[in-house]
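# Geometric and topological summary
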Amino acid sequence: PGNTVVSVAYAGNKGTHVGDDYDNWNDALPSSNTNYQSRRPYPYFYDSNYGGVVGLGGVNYFDSYENTHYNGLQIGAESHSLRGLTFGFGYVYSKTLGVGEGSGNSLAFIQEPLTNAKASKGRAQFDQTHTLTAHFVYRLPFGESFHGMAAAFVKGWDVNGIVTLKTGLPYNPTGGSALNTGGSGGDIRPDRIADGRLFGNATRQLWYDPTAFQRVTCNIPGRSDLCHYGSSAYDDLVSPGQRNLDMSVFKNFQIREGAQVQFRAELFNATNSPYFGAPSNLSYVSTTSVVPDGPSVGQILSLRNPMRVIQLALKMTF
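All values derive from a computational prediction rather than experimental measurement. (Residues numbered from 1 in each chain as written. Predicted model: local features only at pLDDT ≥ 70, side-chain atom pairs only at ≥ 80, totals over all residues. Heavy atoms only, no water.)

## Focus: empty space enclosed by the protein
Rolled over the atoms, a probe sized like a water molecule indicates the empty space that remains. In the structure shown here, the tally under the stated rule is one cavity of 30 Å³ or more. Roughly 60 Å³ of volume is contained in the largest cavity. Lining the largest cavity, in full, are N24, W25, D27, L29, E112, P113, L114, T115 and Y229. Residue classes in the lining of the largest cavity are distributed as five nonpolar, two polar and two charged. (1 Å grid on protein atoms, 1.4 Å probe; cavity = no way out; pocket = protein on both sides within 12 Å on 5 of 7 lines; lining within 4 Å. Points joined across faces, edges and corners; volume = space filled by probe spheres on them. Nonpolar A, V, L, I, M, F, W, Y, C, P; charged D, E, K, R; others polar.)

## A look at the pattern of salt bridges
According to the stated counting rule, one finds nine salt bridges in the structure shown. When the shortest N-O distance is used, the salt bridge between R139 and D158 registers 2.8 Å. Of the two residues, R139 is situated in strand β7 (residues 130-139) and D158 in strand β8 (residues 158-166); the sequence distance between them amounts to 19 residues. Measuring nitrogen to oxygen at the nearest pair gives 2.2 Å for the salt bridge that ties D236 to R192. One end of the pair, D236, is in the loop between β11 (213-214) and β12 (237-238); the other, R192, is in strand β10 (residues 191-192), and 44 residues separate them in sequence. The class for R192 is partly exposed, based on a relative accessible area of 23%. Taken together, the shared-partner salt bridges connect R192, D195, R197 and D236 into one network. (Salt bridge = Lys/Arg side-chain N within 4 Å of Asp/Glu carboxyl O. Helix = DSSP H or I, 4+ residues; strand = E, 2+ residues; numbered from the N terminus. Buried < 20%, exposed > 50% of the residue type's maximum accessible area, 1.4 Å probe, protein only.)

So, in structure tokens, the structure goes:
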């Protein structure tokens, strides 16, 4: 009805033998023993060019054993020429899962590559649960009764736009771990002792509850209970979503037969809505702090997209 077409579809994809790249494959297991070199799976190698037996540090391990899964419900609608208005929308409800990133395009951090790689299975960093896009083209109904020079400037203006609404990208807070593994420790996840989500009360100053996380470390005397890989899941929290309107207003002026000039005003992020990045990671005031107590924990300090940009343009076609 009304020149409208509606479509509903399921889309699924499974990736098999997907490449991964682990940079911590030769890390030692967590221990209070700070001599991690002797505890590496492969601590030494022999090379006559370097004087014989040499300590082996971090090893990048490449494989093609991972699987990825995508499942999505896709709904779309298109309507054409409804009193000068053409519009449509698309909605996707989906999930993408993998181990680490499981994409082969970037370094995948598997927290426990030798003992429990599946603990790093979770949502891909580009996964967005809900995505709604709507587009429109509208011939403004102005100046239909005008003639001559007035009609040339008042009649025939078009407006088009794309509205994008997306839920946030997943992330997991890290930081402050000291497990004496020989790696940097920057991507080691903490223990999660509570939910951590603020359920409608999240702000840019505090997006998640830091007290829901607990440091993992092997360097606090008397706290051997903290000396292990963290229990927090991979990419289990969600950063702020996106609300964006890109639009343009344009008109064609006929100069002569076969030649015209188009004026176009384009507004990217027309409503000037910020698309915030992920909140700050965990930090600690002292080496003995267990609960994250750093000054900017949970704050959002970045943008994913620029604010409003306006462009004016003239284009001649002949």
